[in-house]
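# Descriptive structure summary
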Amino acid sequence: MKACVFTLCHTALLFALFIGSSLNAHAQVVQDSTRTLPDSLQTAATPLPQNGSNSGLTGLVEFSASDSLIFRLKTGSRTSTLHGKAKVSYEGSVLTAHEIDLLLAEEELHARGVRSDTGWVGQPQIVQGEDTFLGESLSFSLKTQRGRIVGAQTKYEEGFIRAGVVKAVEDSTLFIRDGLYTTCSCIDDPSYSLRSNKMKMVGKKWIYTGPIQLFLYDIPTPLWLPFGFLPAQDSRRSGPLPPTYGEDQFGFYLRDWGWYFSLNEYMDLQLQGGFWTRGSWESKSMYRYRKMYSFDGQLMVDYARFRNGEPGDPNYSVRQTSAFRWMHNQTIGQTASFNANVNISSSSYLQAVSQNYDDRIRQDLQSSIKFSKRWTGRNLTVQMNQRQVLSTGQVTMTLPSLSFSQSSFKPIAPRTRAPGSKEGFRDKLTVSYNMNVNNQFNFSPLDDAELLARGDTLAADINWFDALISAEDYTRATGDTRQFDFKASHRIPISAPFTVNRVPLIGNVNLSLSPSLSYTEDWYLESERRSLNADSSGVDVTYEPGFVALRQFSSSMSMSTTFYGLFPVSALGYSGLRHTIRPNIGFSYRPDFYGDRWGNVRTYTDKNGDEVEYAIVSGVGRGQQQALTFALSNIFETKKVVTDSTDTSVRRGSLKLLDLSISSAYNFAADSLKLSDISLSARTRVLGKVDIDMRSSFSPYQVNDLGVRVNESALSLSSPLGRMTNTSVTLRTSLRSSQGAGDRPLTTPRGGLVQTQPSFGTSNPIGATSIVQNAYGTTAYTDFSIPWSLNMDFTYNITKTGIGSIRRAIINASFDLSLTPNWKLASRTGYDIENGQMATTNIALSRDFDCWQMSFNWVPFGNYQSWGFDLHVKSGHLKDLLRIRQPKSDVRDRFGSLR
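So, a few notes on the structure that sits alongside this text. (Residues numbered from 1 in each chain as written. Predicted model: local features only at pLDDT ≥ 70, side-chain atom pairs only at ≥ 80, totals over all residues. Heavy atoms only, no water.)

### So, the pattern of salt bridges
A full pass over the atoms with the stated rule returns 21 salt bridges. We note a salt bridge from E99 to R112, for which the minimum N-O separation is 3.0 Å. Residue E99 is located in strand 6 (residues 93-103), and its partner R112 is located in strand 7 (residues 108-112); the two are separated by 13 residues in the primary sequence. Residue E99 is classed as buried on the basis of its relative accessible area of 19%. (Salt bridge = Lys/Arg side-chain N within 4 Å of Asp/Glu carboxyl O. Helix = DSSP H or I, 4+ residues; strand = E, 2+ residues; numbered from the N terminus. Buried < 20%, exposed > 50% of the residue type's maximum accessible area, 1.4 Å probe, protein only.)

### Quick notes on the pairing of strand 29 (residues 364-375)
When strand 28 (residues 336-345) meets strand 29, the two strands line up antiparallel, connected through six bridges. Residue pairing across strands places F338 opposite F371, the latter belonging to strand 29. Here strand 29 runs beside strand 30 (residues 378-389); their pairing, made up of twelve bridges, is antiparallel. The residue bridging I369 from the neighbouring strand is M384, located in strand 30. Counting the residues in the hairpin turn of strand 29 and strand 30 gives two residues, including G377, whose phi is positive at 80°. (Pairing = 2+ DSSP bridges.)

### Quick notes on helix 7 (residues 471-478)
What helix 7 keeps buried is the set D473, Y474, A477 and T478. What you see down the axis of helix 7 is that its buried residues fit within an arc of 110°, all on one side. Those residues of helix 7 hidden inside the fold are in contact with strand 32 (430-443) and helix 6 (464-469). Positioned one or two residues after helix 7, G479 has a phi angle of 75°, which is positive. (Arc of directions from axis to C-beta. Contact = heavy atoms within 4.5 Å.)

### Brief notes about the packing of aromatic side chains
Evaluation of the coordinates by the stated rule reveals 17 aromatic pairs. Plain terms: the ring middles of Y192 and W852 are 5.1 Å apart, the flat faces sit at 75° to each other, and that makes the pair edge-to-face. Of this pair, Y192 sits in strand 16 (residues 192-202) while W852 sits in strand 55 (residues 852-859); the two residues are 660 residues apart in sequence, bridging distant segments of the chain. Side by side, Y192 and W852 carry an identical accessibility label, which is buried. Ring centres 5.8 Å apart and planes at 50° place the aromatic pair Y253 and W276 in the tilted group. Taken together, the positions of Y253 in strand 23 (residues 251-264) and W276 in strand 24 (residues 267-276) put the pair 23 residues apart, joining distant regions of the chain. In this structure, Y253 and W276 share a single accessibility class: buried. (Phe/Tyr/Trp six-rings, centres within 6.5 Å; stacked < 30°, edge-to-face > 60°.)

### Topic: the state of the cysteines
Going through the model one piece at a time under the given rule, you end up with one disulfide. What pairs with C184 in a disulfide is C851, and their sulfur atoms sit 2.0 Å apart. Taken together, the positions of C184 in the loop between strand 15 (174-182) and strand 16 and C851 in the loop between strand 54 (842-848) and strand 55 put the pair 667 residues apart, joining distant regions of the chain. For C184, a relative accessible area of 0% corresponds to the buried category. On the basis of relative accessibility, which here comes to 7%, the residue C851 falls in the buried class. The thiol of C186 is not disulfide-bonded; the next cysteine sulfur, from C851, is found 4.6 Å away. Residue classification places C186 among the partly exposed positions, given a relative accessible area of 33%. (Disulfide = S-S within 2.5 Å.)

### A closer look at the pairing of strand 23
Relative to strand 23, strand 21 (residues 239-241) runs antiparallel, the two being bridged by three bridges. In the strand pairing of strand 23, G239 is matched with Y260. In terms of strand pairing, strand 22 (residues 244-248) meets strand 23 through five bridges, oriented antiparallel. Across the sheet, the residue bridging to Y245 is L254, located in strand 23.

### Here's the deal with the environment of S681
Checked against the element boundaries, S681 lands in strand 43 (residues 678-686). Residue classification places S681 among the partly exposed residues on the basis of a relative accessible area of 23%. Spatially, the C-alpha atom of S681 lies 6.6 Å from that of I662, the residues being 19 residues apart in sequence. For S681, the residues in contact, after removing those within four places along its chain, are D659, L660, S661, M694 and R695.

Structure below.
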């Protein structure tokens, strides 16, 4: 039906109806009468009220209807009714319904729809900005922007609200009676809901409730709270963090509860704590910061106090443990960066407090702080590193480590070259420079027996930090007087690569030759001196302060080329065989820097009266080297042939059949055992599915009865490569069904599966993604669109020591299978064939509901045997609040295996 433009009389009529002005009889309106405008007048707009009007309207009111517009003008009352797809718009608010009543004097709207057997016809709906409300009936004031909805439904972020009555005020606050909150899209019959007689939504951020109860479908559950507040939107905001509960050797506990502070857009803070019924407690804090395109990081400080038993018990003990972690990444301008990853944690914290699977099985801790700066052709890096072995307490640190490098340049090549001139040998001369400075600290504490023998058992309490700041404590704990080991290395490699295109008597070739010379100079601040002790039972080692420069050099020449062979072989849809051969021959020379002429060694007389040489510093090259190295690489390829509809053969992409390489070396300067071990490697893929990787090494010499190599050849017709010393074969395959239609989303099962730490800006209070990994250590995504997948690998390794052999044969497998579109089974396991032992086996079963995710995880045997059940809603708002997890994700006390 077409809409026509109003005449002047009609405009004046509508103006009078909406603002209550007195118009004369020219408007052709008679009081106490009812008039239906003709079909051509199906849309209208009221202008702004004139000065002096009592109306609260500040803009145009637009309305339309597909059926009719009926006006009723009676004494003291002016109303209008819109029939059929009625619509009223005012200042961004749009009301639609089957029928709308306009109370012109009160400036109010009342909307209603018609319910039929098949659903609603013209269900009332009001849209205000980004908010949409549906209801059975709706009332709205144009003057106050307030409304009342009966049987209301609306959505905020991931959540849906259904209510008996909703009152909306102008500051976006909603007052709700008989309210229902859920994140299920099936709002009419949700699988779960939180219901309360009274609710209040403030600022679209939080929903506050009176007594609230969890319903599964329409069945009430015992989960009831006297009050509640729920997140209405997924954003950073301050609020409480939900606790986790469980039981371990310290008693029943509540952990991880606390408060999340959204300080500002650049930083946030999280404070958490935990308590045990037997007196233990813990505290955790995490501060995160981030400035886009500049820096980001986080600082975590944890402390725990654990109490075993009761005071007065024989086994009563109190243990305190802590952890400090700092991560920082910063870009400084366009050419510099600063990075830090510091982890200072005690082993008791990692094994008793941390809920991270990797922490539980960790054998060492590593930390680093690094600053790097780059210029054109130059790089500078300054860093500090630490590595701590938890089982022994050994600590290795570099304080600091400095490296500087100058990229390759041609010092004597002319800056410009005449057109057409060739590059000479001197133009190819290339030089680079590398410097490394290390100041190393090694802390290897003596065991209790050695400390008892030295008569200083109190030294067992000295940790690496005490030894770092005190030379006396370092000597007491380690028995070593050398606290730091300083070394500065300078390396200058020089090369001049060139190619040869023709060789006499051979003809045209393509040889790549690369002569090189390497000069190395190492600086030390002390040198080693050895002497036989007084009772001739051992050798005393002391270090004399003083600058020492160790200067060494070596030279080499390498030559390589590439040539091909083509074979007209066709079979199984493949045509042609190409053989690529890349031989490489090199010669290297290095003098014996243990010689007297270099001044790098000293001697002492042993108890037998013999002179024993030793290097005064580390890194002295011993023995002259005149080595010829050779390697041969082979690649076999073919092409697949496809015949099209015109019987024309078309060659498709190449297929690599086999990679085969062999290498070895021969040292002319050695007095015996001149030929090095022969290395052989091969790689191929069978049927495009199975990768095979083989590596072997062969010794060209025999061994005696003690397993020591002797200068007797092991090469023969039966073993042309010599005596096998090591062979490793790996077979690997990955199979999966074709990708599904994608109707099932990619979801993450939580039960027994690792949750990763969220990036900055996504951490929330109630409903936040957990920032702590669980203890199972399985990491996977459940992709319900792929019915199945299988990954397998088999490794066989044999090592022959000369008098015996060591074998290893291990098979690993993992699979997942979609039993139905909603059920998935996944598992991973391994088996050591030689030892007859099963590796840690994990079985996970996942169920994808419309609004819920369920997972069952089982480790049936091994050190970490356990089980876990997890059921939670998918919503990011409520997944931590509405979660059933039994038992808590902990490796302890499932079957008593670790007690």
